[in-house]
Amino acid sequence: MAPELSPLQPESRSSVSSESKRTDFITWEEYFMSVALLASQRSKDPVTQVGAAIVRDQVVVGMGYNGMPRGCLDDDMPWGKTSENPLENKYLYVCHAEMNAILNKNAESIRGATIYCTLFPCCSCAKYIIQAGISEVVYLNDKPNNNEMIASKMMFEKTNVKFRQFVATKRKVIINFDNFSVDISSPSSARSSSSSDAEIL
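For the protein, an unreviewed UniProt entry supplies the name Probable deoxycytidylate deaminase and the organism Steinernema carpocapsae. The protein has a UniProt comment under Sequence similarities (unreviewed entry) that states "Belongs to the cytidine and deoxycytidylate deaminase family." Per UniProt, the protein carries the Cofactor (unreviewed entry) text "Zn(2+)".

Undergrad: Which parts of the structure should I look at to understand the overall build of the protein?
TA: When helices and strands are counted, the protein shows five helices and seven strands. Helices and strands in the protein line up, N terminus first, as α-β-β-α-β-α-β-α-β-β-α-β. Residue burial in the protein is summarised as follows: out of 201 residues, 37% are buried. Per element, the accessible surface of the protein, about 12300 Å² overall, is 53% carbon and sulfur.

Undergrad: Would you explain the side chain of Asn-100 in this entry?
TA: Relative to the assigned elements, Asn-100 resides in helix 2 (residues 97-103). Residue Asn-100 is classed as buried on the basis of its relative accessible area, which comes to 17%. Beyond its immediate stretch of four places on either side in the chain, Asn-100 contacts Met-63, Gly-64, Tyr-65, Gly-67 and Cys-95.

Each value, and the rule that gives it
- For every chain, the first residue of the written sequence is number 1, and numbering continues from 1 along that sequence.
- In keeping with the predicted nature of the model, local features appear solely for residues at pLDDT of at least 70, side-chain atom pairs appear and are counted solely at 80 or more, and the whole-chain, interface and lining totals rest on all residues.
- The side-chain numbers reported here are obtained from all heavy atoms of the structure, hydrogens and water having been left aside.
- UniProt positions are given in the numbering used here, feature names are shortened, and annotations may be inferred rather than shown by experiment.
- Helix numbering and strand numbering both begin at the N terminus, where a helix is a DSSP run of H or I of at least 4 residues and a strand a DSSP run of E of at least 2.
- In this scheme, a residue with accessible area under 20% of its type's maximum is buried, one over 50% is exposed, and one in between is partly exposed, where area comes from a 1.4 Å probe on protein chains only.
- A 1.4 Å probe and the Shrake-Rupley method give the accessible areas. Residues count as covered only by the protein chains that appear here.
- Here a residue-residue contact requires only that any non-hydrogen atoms of the pair lie within 4.5 Å.

And the structure:
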């Protein structure tokens, strides 16, 4: 099961000195996978929402989610997968999260980078990953009996692309926009209630 996106609270904020470093911060791995999970929430797919984040030197340099190509209006495209007519199903049209992350990169090169995916890449996305020079795949969920993913693993093994499953920590990140307040009416009144908006469990 995918970690829930929601604030973190392992220890009482009142018990933490404002003069010392916080100890309830998320790890780099949790941060990058959370970025991928958050990206997945942009997907319009009614069944499977997938997100991906490309990381190089501890910096996110590309993000993507599964969706229709630019210029193809979501309301005009098919999102089902059960029609006998292949042209009425989503599979021929949807761009996968990994492909979008690679095409959306904001770095000249992503060779040697790591891609964090909420779902193990299909064989088509594996080709993009290999061709882009990405060296490691960190995935959250997998479909081990799916032939496309079996083919992906075969290609990764032959091209020395490492892959490993994300290790959950029983923590959850809650993003609650209702509790987040930023006043930008004037510099002196600007504030952020960050002490209670992003918490770790």
